[in-house]
Amino acid sequence: MRSMFAGVSGLRSHQTMMDVVGNNIANVNTAGFKSAQITFGEAMAQTLQGPAGAGLESGGTNPLQIGLGVQVASIDGVFTQGATQITGRPTDIAIQGDGFFVLQGSAGRVYTRAGTFRWDESGNLVAPGGQLVQGWIADPTGALQTQTAVTGINLPLSQVIDPVETTAVQVGGNLSADTPINDIHSTSIVVYDSLGEPQELLVEFEKTGANTWSAEATMNGSTLTLSTSAITFDSTGQLTSAGTISVSGYTPPGADPLTLELELSGNAPLVQFGGGSSAESVDQDGNAIGFLTDFSIAANGTISGQFSNGETKVLAMIATATFNNPSGLIRAGETRFEASVNSGQPLVGEPGNGNRGMLSSGALEMSNVDLAQEFTNLIIAQRGFQANSRVITASDEVLADLVNLKR
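Below is a short write-up of the structure.

## Examining the overall build of the protein chain
Part 1 of the reasoning: Along the backbone of the protein chain there are two helices and 33 strands.
Part 2 of the reasoning: Taken over C-alpha atoms, the radius of gyration comes to 39 Å for the protein chain, far larger than the 22 Å a tight globule of 407 residues would show.
Part 3 of the reasoning: Overall, the C-alpha framework of the protein chain stretches about 140 × 50 × 35 Å when taken along its three principal axes.
Part 4 of the reasoning: Scored against the burial criterion, the 407 residues of the protein chain give a buried share of 39%.
Part 5 of the reasoning: Put simply, 62% of the contacts in the protein chain that link residues at least 6 apart link residues at least 24 apart.
Part 6 of the reasoning: Within the protein chain, the 37 negative side-chain charges are centred at a point lying 30 Å from the centre of the 16 positive side-chain charges.

Dropping the structure here:
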């Protein structure tokens, strides 16, 4: 009895549907999980009589075929966007749009939407299973070569930014026109030598006459040599002498001789008006050595380090990959996927470039399981299973009646 075997195929197919739905519901709170949907297809049909064409005295006849049940045609992944949950952990990363994170492990390369990453003891950015998150490492200048092959992202906590020797000091503000002759106004600022050691620069301005001043500089008590000491202003209070004064004559212990420029005519120039004196050393272009203290991940995947000297530097970039047919990926467990012959080759590149989505640090993409839809599918699967079991029961009763004909 074909009906009995058709019922059996229905039981098997709807049991598979229950398995798919059950797995979806089980992963309703799994970060980065992508649900699956099942599609049924008719099994082969048995032909009892083939079709016949129309003749001179008769019309054509259709084929006589009996279906042999149902089969699972496909189980496809659903790669719609899941909801975003804010976690506050900077290494939790969600993809807003298409794409997968690229992971490299001992078993090969896999792809995931679950951005639950962390730093290990060696400074590697890793997934919970220990796989290395792939991307590009910046060179010492902070430049990224995103056209090269990806590699594991590693940020040693011991890395530093080299010190920068001070070459220019910006001096600006007001030297009061009301200052008595021979009175002194001074300002100081910390500058850095070639070793990154701080040195205190003291600049003194002495009024020598109407609209004229004399400058003198010392460093750690040592008198420095200035290219010119005369500073003059016109009757409107604007600087008329040299806008830049070269300073030299001091060699810090173990470092190179320190030479710098006092810039008096920059964005905040030195002027002479009435009122109080406010002239001061506004800024300098040197830096001490910087130790990595924190990091941030931008929407384009750039990882920037914040250093103890106040500087920020690009350290790396996280890569993402897209596929022409994401449904062709092979599920590898732990919300990871492997490329297959039908998924297409991974197109690895920068987040936000092309059809790759942007990243959101401090957040996770949650499961895209729709519970309302899954519960509906659960009812459909249950009713389908029940209906097919009734076919088997009815077929059994027919067989029983057939056996009882002898009686």
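Okay, back to it.
## A closer look at the pattern of salt bridges
Part 1 of the reasoning: Taken as a whole and judged by the stated rule, the model has four salt bridges.
Part 2 of the reasoning: Residue lysine 34 pairs with glutamate 365 through a salt bridge whose shortest N-O separation is 2.5 Å. Highlighted residues: lysine 34 in the loop between helix H1 (2-26) and strand E1 (36-42) and glutamate 365 in strand E33 (residues 363-365), separated in sequence by 331 residues.
Part 3 of the reasoning: Relative accessible area serves as the criterion here: at 1%, lysine 34 is assigned to the buried category.
Part 4 of the reasoning: Among the residues examined, glutamate 365 registers a relative accessible area of 1% and is labelled buried.
Part 5 of the reasoning: Here arginine 336 and glutamate 334 are joined by a salt bridge, their closest N and O atoms 2.3 Å apart.
Part 6 of the reasoning: Of the residues examined, arginine 336 reaches a relative accessible area of 9% and is grouped as buried.

## Description of the packing of H1 against helix H2 (residues 371-403)
Part 1 of the reasoning: Where H1 contacts H2, the two axes come as close as 8 Å, and the packing angle between them is 160°. Judged by the angle between their axes, H1 and H2 are roughly antiparallel. Handedness of the H1/H2 crossing: left-handed.

## Description of a nonpolar patch on the surface
Part 1 of the reasoning: A cluster of nonpolar side chains, Met1, Val398, Leu399, Leu402 and Leu405, forms an exposed patch at the surface whose accessible area comes to about 470 Å².
Part 2 of the reasoning: Inspection of the secondary structure assignment puts leucine 399 in helix H2.

## Focus: the pairing of strand E22 (residues 258-263)
Part 1 of the reasoning: With burial as the criterion, only one face of E22 is covered, namely that bearing Leu258, Leu260 and Leu262; the residues Thr259, Glu261 and Glu263 on the opposite face remain uncovered.
Part 2 of the reasoning: Alignment of strand E14 (residues 168-174) against E22, held across three bridges, turns out to be parallel. If you follow glutamine 170 over to E22, its bridge partner there is glutamate 263.

## Considerations on H2
Part 1 of the reasoning: In this model, H2 (33 residues) spans 48 Å end to end at C-alpha, consistent with the 48 Å of a helix rising 1.5 Å per residue.
Part 2 of the reasoning: Among the residues of H2, those classed as buried are Glu374, Asn377, Ala381, Gly384, Asn388, Ser389 and Ser395.
Part 3 of the reasoning: Looking at the packing, one finds that the buried side of H2 touches H1.
Part 4 of the reasoning: You can read the cap of H2 off the contacts: a side-chain oxygen lies 3.2 Å from the backbone nitrogen of alanine 372, and it is on aspartate 370.

## Concerning the packing of aromatic side chains
Part 1 of the reasoning: For the structure shown, the criterion picks out seven aromatic pairs.
Part 2 of the reasoning: Aromatic side chains phenylalanine 79 and phenylalanine 337 sit 5.5 Å apart centroid to centroid with 55° between the ring planes, which places their arrangement in the tilted category. On the criterion of sequence distance, the pair formed by phenylalanine 79 in the loop between strand E4 (70-77) and strand E5 (84-86) and phenylalanine 337 in strand E30 (residues 336-338) is long-range, its members being 258 residues apart.
Part 3 of the reasoning: Among the residues examined, phenylalanine 337 registers a relative accessible area of 3% and is labelled buried.
Part 4 of the reasoning: Seen from their ring centres, tyrosine 111 and phenylalanine 323 are 5.0 Å apart, and the 85° between their planes marks the pair as edge-to-face. Of the two residues, tyrosine 111 sits in strand E8 (residues 108-112) while phenylalanine 323 sits in the loop between strand E28 (320-322) and strand E29 (330-333), which places them 212 residues apart along the sequence. A single burial state applies to tyrosine 111 and to phenylalanine 323, both of which are buried.
Part 5 of the reasoning: Here the aromatic cluster, defined as three or more aromatic residues joined through ring pairs, consists of Phe79, Phe100, Tyr111, Phe323 and Phe337.

## Concerning the side chain of asparagine 174
Part 1 of the reasoning: Topologically, asparagine 174 is positioned in strand E14.
Part 2 of the reasoning: Using a relative accessible area of 9% as the deciding quantity, one classes asparagine 174 as buried.
Part 3 of the reasoning: Contact partners of asparagine 174, with chain neighbours within four places excluded, come to Val271, Gln272, Phe273, Gly274, Gly276, Ser277, Ser278 and Ala279.

## Comments concerning the nonpolar core
Part 1 of the reasoning: Formed by 25 residues in total, the largest nonpolar core has its most connected members in Leu201, Phe205, Ile231, Leu262 and Leu270.
Part 2 of the reasoning: Those elements giving two or more residues to this core turn out to be E14, strand E15 (184-192), strand E16 (198-209), strand E17 (212-219), strand E21 (244-250) and E22.
Part 3 of the reasoning: Here this core gets four residues from one element, more than from any other, and that element is E17.
Part 4 of the reasoning: Apart from the residues within four sequence positions on either side, leucine 201 is in contact with Val169, Thr187, Ser188, Ile189, Val191, Ala217, Thr218, Met219, Leu224, Leu260 and Leu262.
Part 5 of the reasoning: Formed by 21 residues, the second largest nonpolar core is a distinct cluster that contains Val133, Leu292, Ile297 and Ile318.

Rules used in this analysis
- Think of each chain on its own: its residues are numbered from 1, step by step along the sequence as written.
- It should be noted that, the model being predicted, local features are given only for residues of pLDDT at least 70 and side-chain atom pairs only at 80 or more, the latter also being counted only at that level, while totals for whole chains, interfaces and linings use all residues.
- Just so you know, side-chain values use all the structure's heavy atoms and leave hydrogens and water out.
- Here a strand is any run of E in DSSP of at least two residues, a helix any run of H or I of at least four, and the numbering for each starts at the N terminus.
- When we talk radius of gyration, it's over C-alpha atoms, and the globule rule is simply 2.2 Å times the number of residues to the 0.38.
- Using a 1.4 Å probe on the protein chains alone, a residue whose accessible area is under 20% of its type maximum counts as buried, one over 50% counts as exposed, and one in between counts as partly exposed.
- Residue contacts are counted whenever heavy atoms from the two residues lie within 4.5 Å of one another.
- Think of it this way: Lys and Arg go in the positive column, Asp and Glu in the negative one, and His and the chain ends go nowhere.
- Positions of charges follow a simple convention, taking NZ of Lys, CZ of Arg, CG of Asp or CD of Glu.
- The term salt bridge refers to a pairing of a side-chain nitrogen on Lys or Arg with a carboxyl oxygen on Asp or Glu at a separation within 4 Å.
- To get an axis, a line is fitted to the C-alpha atoms, and for a helix only the part in contact is used. The angle between two axes follows their N-to-C directions and goes from 0 to 180 degrees.
- The labels follow the angle: roughly parallel below 35 degrees, roughly antiparallel above 145, roughly perpendicular from 65 to 115, and oblique for the rest.
- Two helices cross in a left-handed way if the nearer one is turned anticlockwise from the farther one by less than a right angle. They cross in a right-handed way if the turn is clockwise.
- Candidates for patches are residues over 30% relative accessible area with no salt bridge; among them, like charges are joined within 9 Å and nonpolar side chains (Val, Leu, Ile, Met, Phe, Trp, Tyr) within 5 Å.
- Working definition of accessibility: Shrake-Rupley area with a 1.4 Å probe, residue cover restricted to the visible protein chains.
- The pairing criterion is simple: DSSP has to find at least two bridges between the two strands.
- One fewer than the residue count of a helix, multiplied by 1.5 Å, yields its expected span.
- Residues adjacent in sequence count toward polar contacts only when both atoms are side-chain atoms; beyond that, a polar contact is any pair of N or O atoms within 3.5 Å, and within protein one must be able to donate a hydrogen and the other to accept it.
- The rule is short: rings of Phe, Tyr and Trp, with Trp giving its six-membered ring, pair when the centres are within 6.5 Å, and they are stacked under 30 degrees, edge-to-face over 60, tilted in between.
- Nonpolar cores were defined as sets of buried Ala, Val, Leu, Ile, Met, Phe, Trp, Tyr and Cys residues, with membership established by side-chain atoms within 4.5 Å.

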